Amino acid sequence: MEANVRWTGVSGMSFLAETGSGHAVMMDGAPEGGGHNLAPRPMEMVLLGTGGCSAYDVVLILRKGKQDVRGCEVKLSAERADTEPKVFTKIHFHFLVTGRNLKANLVERAIALSHEKYCSASIMLGKTAEMTHSYEIIDDLGTPSEHERNTKAE
């Protein structure tokens, strides 16, 4: 995996990050650190990436378990150390998993597997931060399933 991060100029603390897969994202600092608050902070990106990694796992595991998952949202709240290096010390993941007739034990298992085995980001951050998670299941009887949407499109 490769990435390139380039400072965009002397008048602030904005950086253009380019991934090895060809995508770009801006990052910026807080005004008190010389930034202009024009984009997410680098540590916010770390938290976002961790949430994305874990949500990806949960959806994939539920699909493989033949669960009719329709949506997955994860709200993260984190605390950081007061002194440098200001590493994450606590991260809480709250999953909102939407679907039809989802089994709570399978949702719980998918979240646990992500945190214990598959999500490299959360496992790595777990070396410095206390990781906790919770979830809610939202029954979605109104939205057609992927299969129903694909059948209607044909």
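See the structure above.
**Section: the overall build of the chain**
Part 1: Summing up its helical and strand segments, the chain has four helices and six strands in all.
Part 2: Along its sequence from the N terminus, the chain presents helices and strands in the succession β-β-β-α-β-β-α-α-β-α.
Part 3: For the chain, the spread of C-alpha atoms along the principal axes amounts to about 55 × 40 × 30 Å.
Part 4: The 154 residues of the chain split such that 29% are buried.
Part 5: Across the chain, contacts joining residues at least 24 apart in sequence account for 51% of those joining residues at least 6 apart.
Part 6: Taken as two groups, the 17 positive and 20 negative side-chain charges of the chain have centres that lie 5 Å from each other.

**Observations concerning the packing of aromatic side chains**
A ring pair, where both rings are aromatic, is described by two values, the distance of the centres and the angle of the planes.
Part 1: Applying the stated criterion to the full structure yields one aromatic pair.
Part 2: Between Phe93 and Phe95, the aromatic rings sit 6.3 Å apart at their centres with planes inclined by 10°, giving stacked as the arrangement. The residues Phe93 and Phe95 share a single accessibility class, namely buried.
Part 3: The ring of Phe88 is capped by Arg80, whose NZ or CZ atom sits 5.9 Å from the centre of that ring.

**Points about the packing of helix H1 (residues 42-64) against helix H2 (residues 104-118)**
Part 1: One can describe the packing of H1 onto H2 by two numbers: an axis separation of 9 Å at closest approach and a directional angle of 130°. What the angle tells us is that H1 and H2 run oblique. Between H1 and H2 lies a crossing of right-handed hand. Here H1 contributes Ser54, Asp57, Val58, Ile61 and Leu62 to the contact with H2, which in turn contributes Leu106, Val107, Arg109, Ala110, Ile111, Leu113, Ser114, His115 and Tyr118.
Part 2: Taken together, the residues of the contact of H1 with H2 sort by class into nine nonpolar, three polar and two charged.

**With respect to H2**
Part 1: Look at H2: 20 Å from first C-alpha to last across 15 residues, which is about the 21 Å you get at 1.5 Å a residue.
Part 2: Turning to H2, the residues buried within the fold contact H1, strand S5 (88-100), helix H3 (120-125) and strand S6 (130-139).

**Here we look at the nonpolar core**
Part 1: Core analysis: the biggest nonpolar cluster contains 18 residues, and Val58, Leu62, Phe88, Ile91, Phe95, Val97 and Val107 have the highest contact counts within it.
Part 2: Within the residue set of this core, elements represented by two or more residues are H1, strand S4 (68-80), S5 and H2.
Part 3: When near neighbours in sequence (up to four residues on either side) are disregarded, Phe88 contacts Met43, Val46, Leu47, Ala78, Glu79, Arg80, Leu125, Thr128 and Ala129.

**Structural notes on the side chain of Ser54**
Part 1: Within the fold, Ser54 resides in helix H1.
Part 2: The class of Ser54 is buried, set by a relative accessible area of 0%.
Part 3: Setting aside its immediate chain neighbours within four residues, Ser54 contacts Phe93, Phe95, Ser114, His115 and Cys119.

**Looking at the sheet that holds strand S3 (residues 24-27)**
Part 1: Across the sheet, which stays open at both edges, the three strands sit in the order S1-S2-S3 with antiparallel pairing between neighbours. Strands at the two margins of the open sheet, each flanked by one partner only, are strand S1 (3-7) and S3. Mean inter-strand twist for the sheet, computed between neighbouring axes without regard to direction, equals 20°.
Part 2: Pairing of strand S2 (residues 15-19) with S3, which is carried by four bridges, proceeds in the antiparallel orientation. Note that in S3 the partner of Glu18 across the bridge is Ala24.

The rules behind each value
Residues numbered from 1 in each chain as written. Predicted model: local features only at pLDDT ≥ 70, side-chain atom pairs only at ≥ 80, totals over all residues. Heavy atoms only, no water. Helix = DSSP H or I, 4+ residues; strand = E, 2+ residues; numbered from the N terminus. Buried < 20%, exposed > 50% of the residue type's maximum accessible area, 1.4 Å probe, protein only. Contact = heavy atoms within 4.5 Å. Lys, Arg positive; Asp, Glu negative; His and termini not counted. Charge placed at Lys NZ, Arg CZ, Asp CG, Glu CD. Phe/Tyr/Trp six-rings, centres within 6.5 Å; stacked < 30°, edge-to-face > 60°. Lys NZ or Arg CZ within 6 Å of the ring centre and 35° of its normal. Axes fitted to C-alpha atoms, helices over the stretch in contact; angles between N-to-C directions. Parallel < 35°, antiparallel > 145°, perpendicular 65-115°, else oblique. Left-handed = near helix turned anticlockwise from the far one by under 90°. Nonpolar A, V, L, I, M, F, W, Y, C, P; charged D, E, K, R; others polar. Expected span 1.5 Å × (residues − 1). Core = buried A, V, L, I, M, F, W, Y, C linked by side-chain atoms within 4.5 Å. Pairing = 2+ DSSP bridges.

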